[in-house]
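Letter by letter, the chains look like this.
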Amino acid sequence: TKVREIEKADYDTTHKDYSESVDALQRAIAVLKKQDYENCLEWSNKALQQIEAFHPDTKEFQTDNTLEVKLLQRRAKCYELKEEYELAKQDLDRAMMLDRENAAVKLAQQKVQQKLSTIRFEEYREQANNYLKQKQFAEALEFYEKCLKITRKATSLDNIAIYVRSEEHTSELQ
C-alpha cells in the first residue's frame with residue numbers, strides 16, 4: 001500500500017543511483033585504458049559523488065564497499081600517472097580504510113609511498129647540499145637528518161663529517 005509504494009520508490013532511486021555509479025566506473029576504466037586521465041578523473045569523481053549521496057546516513061554501516069574501493073583505486077591510478085602522488089595517496093589511504101584486506105590497494109599504496117619518499121629525499125638532499133655549499137653546516141645537517149629518516153641513502157658518516165666541519169668552523173670564528 002502506501003508504505004510499499006514509498007519502499008519501491010526508495011528502491012528504484014537506490015537502484016538507479018547504483019547503476020549510474022557502476023556505469024561511471026566502467027567509463028572511468030575505459031578512458032583510463034586509453035590514457036585519458038582527465039576524463040578518467042571526471043568519471044571517477046562523478047561515480048564517487050553518487051556513492052556519497054547514496055544513503056549517507058547508512059553509509060558507515062555498509063560492509064561491502066567494493067564499488068567505492070574500485071573507484072578510489074582508478075582515481076588514484078590516474079593521479080599517479082599524472083604524478084600527483086599526494087592525491088593518489090589520499091585515495092589509497094581512504095580505500096584502505098574501507099577494505100583493509102585488499103592486497104591490490106596495499107601494493108599500490110606502497111608504490112605511491114615509495115615515489116613520495118624518493119621525491120622528498122631528493123628535495124631534502126638538494127636543500128642540504130645547497131646549505132653545505134653555503135657553509136651553513138647546521139642547516140645542512142638538519143636536512144641530511146631528514147634524508148636519513150626517509151631512507152638510508154645518506155650515511156651517518158656524511159652527517160658526522162658535516163657536524164665535525166661545523167664544529168671546526170664555529171671554533172675558527174671564535
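Cut-offs used in this document
- Residues numbered from 1 in each chain as written.
- Predicted model: local features only at pLDDT ≥ 70, side-chain atom pairs only at ≥ 80, totals over all residues.
- Heavy atoms only, no water.
- Salt bridge = Lys/Arg side-chain N within 4 Å of Asp/Glu carboxyl O.
- Helix = DSSP H or I, 4+ residues; strand = E, 2+ residues; numbered from the N terminus.
- Buried < 20%, exposed > 50% of the residue type's maximum accessible area, 1.4 Å probe, protein only.
- Expected span 1.5 Å × (residues − 1).
- Contact = heavy atoms within 4.5 Å.
- Axes fitted to C-alpha atoms, helices over the stretch in contact; angles between N-to-C directions.
- Parallel < 35°, antiparallel > 145°, perpendicular 65-115°, else oblique.
- Left-handed = near helix turned anticlockwise from the far one by under 90°.
- Nonpolar A, V, L, I, M, F, W, Y, C, P; charged D, E, K, R; others polar.

K.L.:
Can you help me understand the pattern of salt bridges in this one?
P.N.:
Oppositely charged side chains are able to pair whenever their charged atoms sit close together. A complete count under the given rule lists 11 salt bridges for this structure. The shortest N-O distance in the salt bridge between K115 and E80 comes to 2.9 Å. One end of the pair, K115, is in helix α5 (residues 103-133); the other, E80, is in helix α3 (residues 66-81), with 35 residues separating them in the sequence. The class for K115 is partly exposed, based on a relative accessible area of 28%. Overall, the relative accessible area of 7% leaves E80 in the buried class.

K.L.:
Teacher, can you tell me more about α3 here?
P.N.:
The α-helix advances 3.6 residues per turn, and as a result positions three or four apart in sequence lie on the same side. Taking 1.5 Å of rise per residue, the 16 residues of α3 would be expected to cover 22 Å, and the 23 Å separating its terminal C-alpha atoms lies within 8% of that figure. Listed in full, the buried residues belonging to α3 are L67, E68, V69, L71, L72, Q73, R75, A76, C78, Y79 and E80. Remark: E83 follows α3 within two positions and exhibits a positive phi of approximately 60 degrees.

K.L.:
How should unusual backbone geometry be read in this particular structure?
P.N.:
The general pattern is negative phi for most residues beyond glycine and trans for most peptide bonds. One non-glycine residue, E83, lies in the positive phi region at around 60 degrees. Inspection of the secondary structure puts E83 in the loop between α3 and α4 (85-98). Judged by relative accessible area, E83 falls into the exposed class, the value being 58%. With phi around 60 degrees, K135 is a residue other than glycine that occupies positive phi space. Within the element layout of this structure, K135 appears in the loop between α5 and α6 (137-150).

K.L.:
Just to check I follow, could you spell out the side chain of D91 for this structure?
P.N.:
Residue position: D91 is located in helix α4. Leave out the neighbours within four places in its chain, and D91 touches L72, R75, A76 and Y79.

K.L.:
Is there a simple way to explain the packing of α4 against α5 in this structure?
P.N.:
Angle between the axes and distance between the axes: these two values describe a pair of packed helices. Contact geometry for α4 and α5: axes closest at 9 Å, N-to-C directions at 150 degrees. Here α4 is positioned roughly antiparallel relative to α5, judged by the angle of their axes. When you trace α4 past α5, the crossing you get is left-handed. Only V105, K106, A108, Q109, V112, Q113, K115, L116, I119 and R120 of α5 make contact with α4, whose side of the interface consists of Y85, E86, A88, K89, L92, D93, A95 and M96. Class assignment for the residues of the contact of α4 with α5 results in 10 nonpolar, two polar and six charged.

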